[in-house]
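For reference, the chains in residue letters:
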Amino acid sequence: MKRSVVFSLLLASTAYAVACTNFIVGKKASADGAVYVTYNADSYGAFMPLYHYPAAKHQTGERRKVYEWDTNKYLGDIAEAPETWNVIGNTNEWQVTIGETTFGGREEMTDSTGVIDYGSLIYITLQRAKTAREALQIMTSLVEEYGYYSEGETFSVADANEAWMLEMMGCGPDRSKSAERTVWVAVRIPDNAIAAHANQSRITRFLDGRFTPVKMKDLMKKYPVDGKKAIPNLVVYSSNVVDYARRMGWYTGKDEDFSYNAAYAAPDFSGRRYCEARVWSFFNRFADDFSAYVPYAEGKEDNTTPMPLWIIPNKQVTLQDLRAAMRDHYEGTPFALDSDIGGGIFAMPYRPAPLSFKVDEQEAFNERPTSTVQTAWSFISQMRSWLPREVGGCFWFGNDDGNMIAYTPMYNCMTRLPKCYSGEGADDVTFSMDNAFWVCNWVSNMIYPRYSMMFPSLQEVRDSLEASYDKCQAEIERQATALPVQERVEFLTKYSVSKGDEMIERWRQLAYFLIVKYNDMAIKPTEGTQFKRSPYGRGARLMRPGYDKSFARELIRQTGDKFLVPKK
């Protein structure tokens, strides 16, 4: 199949489209020793709060109804676990974090009779797993028992000690007893490496000697996570992962030459340019020279060298580095968006949907950087093994494009949400001044069309908030660690709620400031956040900045002497 299911959605003008990005950082690759997973939930039209599932105990025989995450369609029910854990967003009280990106793959592999979709699989697993390895076991056993409803998916599965990349697909809608339900493979990311995925299957060969195969049940027995010895490049996979492709006529070679994505979701132009280019840009930040992989990411040549699944970064990665990576628009790369007129008068580093469009009979496309207007929420999950688990998991969250929000600390142990992140009183067609999704989108949508003019005002507020969070993080965590567990949980809950309340209040102030300062494409002078006034009490004389110099030059180049004042 040339084009994956996900991009038939991405390229259409549908209300919802699945298009996400995950970055992964191993604990020896990070500056602070944390394992990190980042995630953009990119879905046009989707209203998403910060999810919270409180810890609970359940009666024997209790069933759980499953609704598709994207549509709320009822899929069926499953057996409930005896005990479930507290979940905040995509992390839980044990510091297990799960992210995802949809790659689609072969359409005939989708199981329309499955009971568990990719989103439900994430949140059900987070309520049940204490470690990343336990999460892998739960995820794969659930879909084997109940069927996997979604298209092909790449999951980031991590805890405070390690990170894995899991790729999964269904085996079609056959409900017979002998039917296979899924084909999957999971690779452990080395502790000193970084990895990424962005809607293109990335796992290639895994039986060629580069990885150490191990059965799921033997993971902890043979390779305990105790820090006493290095863990090899481990891989676990479904027993049918190669044979299924052979029986379907998609693969005829030796086991050691089998490539998961070549068989089930081979990268075409869209998979490389729209997806792998995001991965390339992330790797490029932490490589001395990553230019050799530009032709692969460009997607236009067939015989190019694919990128590795991970790289060893040339420096240790910080939280601040990850914020910057989540705000990436391909600046300074061959994919940069600042060298054409697509950004308009105010050099907007965003492009309108859909990704592809026609000019006369020629198909054209837009770049798809990590930072995109369609992000419903974004997070950076920070997992630290040396702290008490209630303190070690900090979930940096924002309800909009990562470039246009302040990543706000929400601790994994918190037992209630700030109102602004709860979804209370708002939905995808109901605006609320108390809701972070809508207030943040209000601000960003004022800025997008006049980006170069207005963005510096948002950037100042965003960076100031994040700097304040960073400055007090160590002291807050020191105080929390000194408390008994229950007091610790309440202390970090209050702190997280207060930071959410602070964020939305500051964003409301920013919205009011922007509409006054930049009204009618002019700029009112300010000192800090205060507007200057004339000696007579009215607003000071405003400034009219006009075109950006590069745009003005391009305008005259295209129009000749039409707008040139005649010389005398």
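Residues numbered from 1 in each chain as written. Predicted model: local features only at pLDDT ≥ 70, side-chain atom pairs only at ≥ 80, totals over all residues. Heavy atoms only, no water.

Section: the packing of aromatic side chains
Under the convention used in this document: Note on ring pairs: Phe, Tyr and Trp rings are taken, using the six-membered ring of Trp, and paired if centres are within 6.5 Å. Classes follow the plane angle, with under 30 degrees stacked, over 60 edge-to-face and the rest tilted. Secondary structure elements follow DSSP: runs of H or I of four or more residues count as helices, runs of E of two or more count as strands, with numbering from the N terminus.
One pass over the full model with this rule turns up 47 aromatic pairs. Note on phenylalanine 206 and phenylalanine 258: the rings are 6.2 Å apart at their centroids and 90 degrees apart in plane angle, and the pair reads as edge-to-face. Note that phenylalanine 206 is positioned in the loop between strand 14 (194-197) and strand 15 (212-213) and phenylalanine 258 in the loop between helix 5 (243-247) and helix 6 (260-264), a separation of 52 residues in sequence. Consider the rings of phenylalanine 211 and tryptophan 310, whose centres lie 5.8 Å apart with planes at 85 degrees: the pair is edge-to-face.

A few points about the sheet that holds strand 22 (residues 408-411)
Remark on secondary structure: sheet strands pair via backbone hydrogen bonds, oriented parallel or antiparallel. As a reminder, the rule being used: The pairing criterion for strands is at least two bridges between them, as found by DSSP.
Within the open sheet, the seven strands sit side by side as 17-14-1-2-20-21-22. Their pairing is antiparallel. Two strands in the sheet have a free side with no partner beyond their single neighbour: strand 17 (310-311) and strand 22.

Structural notes on helix 3 (residues 132-146)
Where we set the bar: Expected helix span is taken as 1.5 Å per residue step, with the number of steps being one fewer than the number of residues. Exposure categories follow from relative accessible area, calculated using a 1.4 Å probe and restricted to protein chains: below 20% of the type maximum is buried, above 50% is exposed, and the middle band is partly exposed.
Given a rise of 1.5 Å per residue, 15 residues ought to cover 21 Å, and the 21 Å separating the end C-alpha atoms of helix 3 matches this to within 8%. Ala132, Arg133, Ala135, Leu136, Ile138, Met139, Thr140, Leu142, Val143 and Tyr146 are the residues of helix 3 that are buried. Once helix 3 ends, the next one or two residues include glycine 147, with phi positive near 90 degrees.

Side note on the nonpolar core
Worth spelling out the cut-off: The criterion is simple. A nonpolar core is a set of buried Ala, Val, Leu, Ile, Met, Phe, Trp, Tyr and Cys residues joined through side-chain atoms within 4.5 Å. Residues are treated as being in contact if the distance between any of their heavy atoms lies within 4.5 Å.
Among the nonpolar cores identified, the biggest contains 166 residues, and Phe155, Tyr260, Tyr264, Trp377, Met503 and Trp507 are the most heavily contacted of them. Sequence-distant contacts of tyrosine 264, that is, excluding residues within four places in its chain, are made with Gly105, Arg106, Met109, Met169, Val183, Val241, Tyr244, Ala245, Trp250 and Phe258.

Here's the deal with helix 13 (residues 451-481)
Side chains of residues three or four places apart in an α-helix project in the same direction, reflecting 3.6 residues per turn. Heads up, the condition is: Fitting one axis to the seven residues ending at a residue and another to the seven starting there, the bend at that residue is the angle between the two axes.
Over its 31 residues, helix 13 runs 42 Å from end to end, which matches the ideal 45 Å to within 8%, given 1.5 Å per residue. Of all the bends found along helix 13, the most pronounced is centred on glutamine 473 and spans about 40 degrees.

Notes on the packing of helix 2 (residues 118-126) against helix 3
The condition is simple: Fitted lines through C-alpha atoms serve as axes, helices being fitted only where they are in contact, and the angles separating the N-to-C directions of these axes extend from 0 to 180 degrees. These descriptions rest on fixed angle ranges, namely under 35 degrees for roughly parallel, over 145 for roughly antiparallel, 65 to 115 for roughly perpendicular, and the rest for oblique. Left-handed describes a crossing in which the near helix is turned anticlockwise from the far one by less than a right angle; the clockwise case is right-handed. Following the grouping adopted for this structure description, the nonpolar residues are Ala, Val, Leu, Ile, Met, Phe, Trp, Tyr, Cys and Pro, the charged ones are Asp, Glu, Lys and Arg, and the polar ones are all others, Gly among them.
Viewed as axis vectors pointing N to C, helix 2 and helix 3 meet at an angle of 130 degrees, and their least axial separation amounts to 10 Å. By the angle class used here, helix 2 and helix 3 are oblique. Helix 2 and helix 3 meet at a crossing whose hand is right-handed. Residue-level contacts link Leu121, Ile124 and Thr125 of helix 2 to Ala135, Ile138, Met139, Leu142 and Val143 of helix 3. Class assignment of the residues belonging to the contact of helix 2 with helix 3 gives a composition of seven nonpolar, one polar and no charged.

With respect to the packing of helix 13 against helix 14 (residues 485-517)
Viewed as axis vectors pointing N to C, helix 13 and helix 14 meet at an angle of 170 degrees, and their least axial separation amounts to 11 Å. Taken together, the axes of helix 13 and helix 14 lie roughly antiparallel to each other. Here helix 13 runs over helix 14; the crossing is right-handed.

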